[in-house]
Amino acid sequence: MNILQINSSPRRDASQSTRLATRVVLRLREAHPGAVVTVRDLGRAPHPELDEATLDALFTPAEKRTPEQAARVALDDALIAEIQAADIVVLGVPMYNFGISAQLKNWIDAISRAGVTFRYSEKGPEGLLEGKKAFVALTRGGRYRNTPADSQVPYLRTVLAFLGITDVHFVYAEGLAMGAEAAEKSIASAHEQIEEAVAA
Ligand SMILES: Cc1cc2nc3c(=O)[nH]c(=O)nc-3n(C[C@H](O)[C@H](O)[C@H](O)COP(=O)(O)O)c2cc1C
């Protein structure tokens, strides 16, 4: 059993989404003793964005890449290998300006590779990261669950399904900027949601 934890808050010890993701992993380890956990902290070690040089590198055949291009592609290869090896993926996801953080977007851009993690056939797109489960711990200053302003959940559901990951559990901690009492209740509720999600 391999568990991959992806932290996507730029904040370190103060990050609520990282704390919740770590709690999910703790519960999963209790349920699966001996599980191997890999933590990819995109806040501590941000992954580079897709710029023109990177796209050129990706679309250059491997044997024709310059050493710089090969090194850049290798960074993405490492993230792809991590998720391919994972049975369970746990994402810590803060809401940033109604979307995901740039760090998480860069990770998604890195792992979404045609012919490797998805492919198109005459039947349409096919995700190649099958047989995995995902847990997503969402943290927000406000409250957007089940409203049109929550672009994170439909987006993450879509992109994960596109890659073949359809068994996804979302845990919400909302209203974290709405006073200490609201924040405390929200975290307590998120802890309950984690218990339910892990037991499901
Ligand atoms: C730059 C920035 C943008 C934010 N944008 C939103 C937002 O659009 N909606 C919201 O509810 N909270 C927003 N927040 C609040 C965060 O979602 C909240 O503080 C959350 O706990 C951050 O996750 P973290 O603790 O893992 O860093 C924003 C916070 C920052 C720093």
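A. Spatial organisation of helix H6 (residues 180-199). Compared with the 28 Å implied by 1.5 Å per residue over 20 residues, the 29 Å span of H6 between its first and last C-alpha is a close match. Within the span of H6, buried status applies to Ala 182, Ala 183, Ser 186, Ile 187, Ala 190, Gln 193, Ile 194, Ala 197 and Val 198. Viewed along the axis of H6, the buried residues span an arc of 130°, placing them on a single side of the element. Away from its buried face by more than 90 degrees, H6 exposes Glu 181, Glu 184, Lys 185, Glu 192, Glu 196 and Ala 199. Against the buried residues of H6 lie helix H1 (16-31), strand E6 (133-139) and strand E7 (167-173).

B. Expanded view of the pairing of strand E2 (residues 36-41). Of the pairings in the sheet, the one linking strand E1 (residues 2-7) to E2 comprises 6 bridges and is parallel in character. Along E2, the bridge assignment pairs Asn 2 with Val 36. This β-α-β element, E1 to H1 to E2, shows right-handed connectivity.

C. Structural context of the environment of Ala 81. Residue placement: Ala 81 occurs in helix H3 (residues 67-85). For the pair formed by Ala 81 and Ile 111, sequence separation is 30 residues and the distance between their alpha carbons is 8.8 Å.

D. Spatial organisation of the site of the ligand. With respect to spatial proximity, 16 residues lie near the ligand, and among them Ser 9, Arg 11, Ser 15, Ser 17 and Gly 142 are the closest. One nitrogen or oxygen atom from the side chain of Arg 11 is found 2.6 Å from an oxygen atom belonging to the ligand. Within the backbone of Gly 142, one N or O atom sits 2.8 Å away from an oxygen atom of the ligand. Here the ligand has 630 Å² of accessible area as a free molecule, and 73% of this is covered by the chains. For the shell around the ligand, a count of residues per class yields 6 nonpolar, 8 polar and 2 charged.

E. Examining unusual backbone geometry more closely. Notably, Phe 98 is not glycine yet its phi reads approximately 70°, a positive angle. Along the chain, Phe 98 turns up in the loop between strand E3 (88-94) and helix H4 (102-111). Residue Asn 146 is not a glycine yet carries a positive backbone phi of 60°. Tracing the backbone shows Asn 146 in the loop between E6 and helix H5 (152-162).

F. Just a negative patch on the surface, in detail. A contiguous patch of negative charge on the surface is contributed by Glu 49, Asp 51, Glu 52 and Asp 56. Tracing the backbone through its elements, the reader meets Asp 56 in helix H2 (residues 52-58).

G. Molecular detail of a nonpolar patch on the surface. Nonpolar side chains collect at one region of the surface, where Leu 50, Leu 55 and Phe 59 lie side by side and expose about 310 Å² of accessible area between them. Its location among the elements puts Leu 55 in helix H2.

Rules used throughout
- Residues numbered from 1 in each chain as written.
- Predicted model: local features only at pLDDT ≥ 70, side-chain atom pairs only at ≥ 80, totals over all residues.
- Heavy atoms only, no water.
- Helix = DSSP H or I, 4+ residues; strand = E, 2+ residues; numbered from the N terminus.
- Expected span 1.5 Å × (residues − 1).
- Buried < 20%, exposed > 50% of the residue type's maximum accessible area, 1.4 Å probe, protein only.
- Arc of directions from axis to C-beta.
- Contact = heavy atoms within 4.5 Å.
- Pairing = 2+ DSSP bridges.
- Right-handed = clockwise from strand over helix to strand, strands pointing away.
- Near = heavy atom within 4 Å.
- Polar contact = N/O pair within 3.5 Å; in protein donor to acceptor, adjacent residues only side chain to side chain.
- Areas by Shrake-Rupley, 256 points an atom, 1.4 Å probe, with all protein chains shown as cover.
- Nonpolar A, V, L, I, M, F, W, Y, C, P; charged D, E, K, R; others polar.
- Patch = residues over 30% accessible without salt bridge, like charges linked within 9 Å, V, L, I, M, F, W, Y side chains within 5 Å.
- Salt bridge = Lys/Arg side-chain N within 4 Å of Asp/Glu carboxyl O.
- Lys, Arg positive; Asp, Glu negative; His and termini not counted.
- Charge placed at Lys NZ, Arg CZ, Asp CG, Glu CD.

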